[in-house]
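So the chains spell out like this:
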Amino acid sequence: MGIDPGLANTGWGVIEQRGARLTCVAYGCVSTPAEVPLEKRLAKIHEQIGAVAERYRPTCVGIETVWFGQNITAAFATGQARGAALVACANAGMKVGEFTPKQIKLAVVGAGGADKAQVQYMVKQLLSLDVVPRPDHAADALAAAICYTTHEGLEGKVAVG
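Residues numbered from 1 in each chain as written. Predicted model: local features only at pLDDT ≥ 70, side-chain atom pairs only at ≥ 80, totals over all residues. Heavy atoms only, no water.

**As for the overall build of the protein chain**
Logical step 1: Helix and strand content of the protein chain: 5 helices and 6 strands.
Logical step 2: Counting from the amino terminus, the protein chain carries its helices and strands in the arrangement β-β-β-α-β-α-β-α-α-α-β.
Logical step 3: Against the compact-globule benchmark of 15 Å for 161 residues, the protein chain has a radius of gyration of 14 Å, which places it among compact chains.
Logical step 4: Projected onto the principal axes, the alpha-carbon positions of the protein chain cover approximately 45 × 35 × 25 Å.
Logical step 5: For the protein chain, the proportion of its 161 residues judged to be buried stands at 43%.
Logical step 6: Partitioning the contacts of the protein chain with sequence separation of at least 6, the portion at a separation of at least 24 is 64%.
Logical step 7: Element-wise, carbon and sulfur atoms account for 53% of the exposed surface of the protein chain, whose accessible area totals about 7,800 Å².
Logical step 8: On the protein chain, the mean spot of the 15 positive side-chain charges and the mean spot of the 14 negative ones are 2 Å from each other. (Helix = DSSP H or I, 4+ residues; strand = E, 2+ residues; numbered from the N terminus. Rg over C-alpha atoms; globule rule 2.2 N^0.38 Å. Buried < 20%, exposed > 50% of the residue type's maximum accessible area, 1.4 Å probe, protein only. Contact = heavy atoms within 4.5 Å. Areas by Shrake-Rupley, 256 points an atom, 1.4 Å probe, with all protein chains shown as cover. Lys, Arg positive; Asp, Glu negative; His and termini not counted. Charge placed at Lys NZ, Arg CZ, Asp CG, Glu CD.)

Next up, the structure:
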């Protein structure tokens, strides 16, 4: 499984690896409106990621680390969402791999400075999809799952953020 954490939108994706072949099992996004109290937003992320884990039974998860950049407030919100998702994954017994945005881009595109469009295109190609996964948070989660496979090389279902 892969997770792209965010308080407004937490992307998730489940892929399956058999040898060198990767296939997309499912993907989506947990969205929480800004007007909802923080604790309810975090509870929704935790519950829905937990439901994905229960439905697809991934053995491991790749999750993007928090990148601070210029907006520290957004980084804290992302960190809280990340924590809610990680607790759901821990409750499901998944092995966790944490990756920086640069590591994910390098694994998927071959360049750590790749832009969002390049990552989305390569996710589509690597998973043999007909279209780029939408929303972009789901595509980023699938990219995190793909990154996990390159770092861990596990066969089976992999949850990606």
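**Re the environment of Ala84**
Logical step 1: In this fold, Ala84 is placed in helix H2 (residues 72-91).
Logical step 2: Between the C-alpha atoms of Ala84 and Thr23, which are 61 residues apart in sequence, the distance is 27 Å.

**Focus: the pairing of strand S2 (residues 9-18)**
Logical step 1: Among the 10 residues of S2, 7 are classified as buried, and the element is accordingly described as predominantly covered.
Logical step 2: Examined bridge by bridge, strand S1 (residues 2-4) and S2 share 3 bridges and lie antiparallel to one another. By the bridge assignment, Gly2 is partnered in S2 with Gly13.
Logical step 3: In this antiparallel pair of consecutive strands, S1 and S2, the connection spans 4 residues. (Pairing = 2+ DSSP bridges.)

**Points about the nonpolar core**
Logical step 1: With 22 residues, the main nonpolar core has Met1, Ile3, Trp12, Ile45 and Ile49 as its most contacted residues.
Logical step 2: Every element with two or more residues in this core is listed here: S2, strand S3 (21-31), helix H1 (38-56), strand S4 (60-64) and H2.
Logical step 3: With sequence-adjacent residues up to four places away left out, Ile45 is seen in contact with Gly6, Leu7, Thr10, Val30, Thr32, Ala81, Ala84 and Ala85.
Logical step 4: Cys60, Val123, Ala143 and Ala145 belong to the second-largest nonpolar core, a separate cluster that totals 18 residues. (Core = buried A, V, L, I, M, F, W, Y, C linked by side-chain atoms within 4.5 Å.)

**Overview of H2**
Logical step 1: Taking 1.5 Å as the rise per residue, H2 with 20 residues should run 28 Å; its terminal C-alpha atoms sit 29 Å apart, in good agreement.
Logical step 2: Restricting attention to buried positions, one finds in H2 the residues Ala75, Ala77, Ala81, Arg82, Ala84, Ala85, Ala88 and Cys89.
Logical step 3: Contacts made by the buried residues of H2 are with S1, S2, H1, S4 and strand S5 (95-99).
Logical step 4: Of the residues flanking the end of H2, it is Gly93, one or two places downstream, whose phi is positive at about 80 degrees. (Expected span 1.5 Å × (residues − 1).)

**Side note on the pairing of S4**
Logical step 1: Burial within S4 is extensive, with 5 of its 5 residues counted as buried.
Logical step 2: Two strands pair when backbone bridges link them, and S1 and S4 are joined in this way by 2 bridges, in the parallel orientation. Looking at the pairing, Ile3 lines up with Ile63 of S4.
Logical step 3: The pairing of S4 with S5 spans 2 bridges and is classified as parallel. Following the sheet pairing, Ile63 is matched in S5 by Glu98.

**Some words on the packing of H1 against H2**
Logical step 1: Orientation of H1 relative to H2, taken along the N-to-C sense of each, is 35 degrees, at an axis distance of 8 Å. Note on packing geometry: the crossing formed by H1 with H2 is right-handed. Contacts between H1 and H2 pair Leu38, Leu42, Ile45, His46, Ile49 and Gly50 from the former with Gln80, Ala81, Ala84, Ala85, Val87, Ala88, Cys89 and Asn91 from the latter. (Axes fitted to C-alpha atoms, helices over the stretch in contact; angles between N-to-C directions. Left-handed = near helix turned anticlockwise from the far one by under 90°.)

Note that every value here comes from positions in space, so none of it alone points to a role or purpose.
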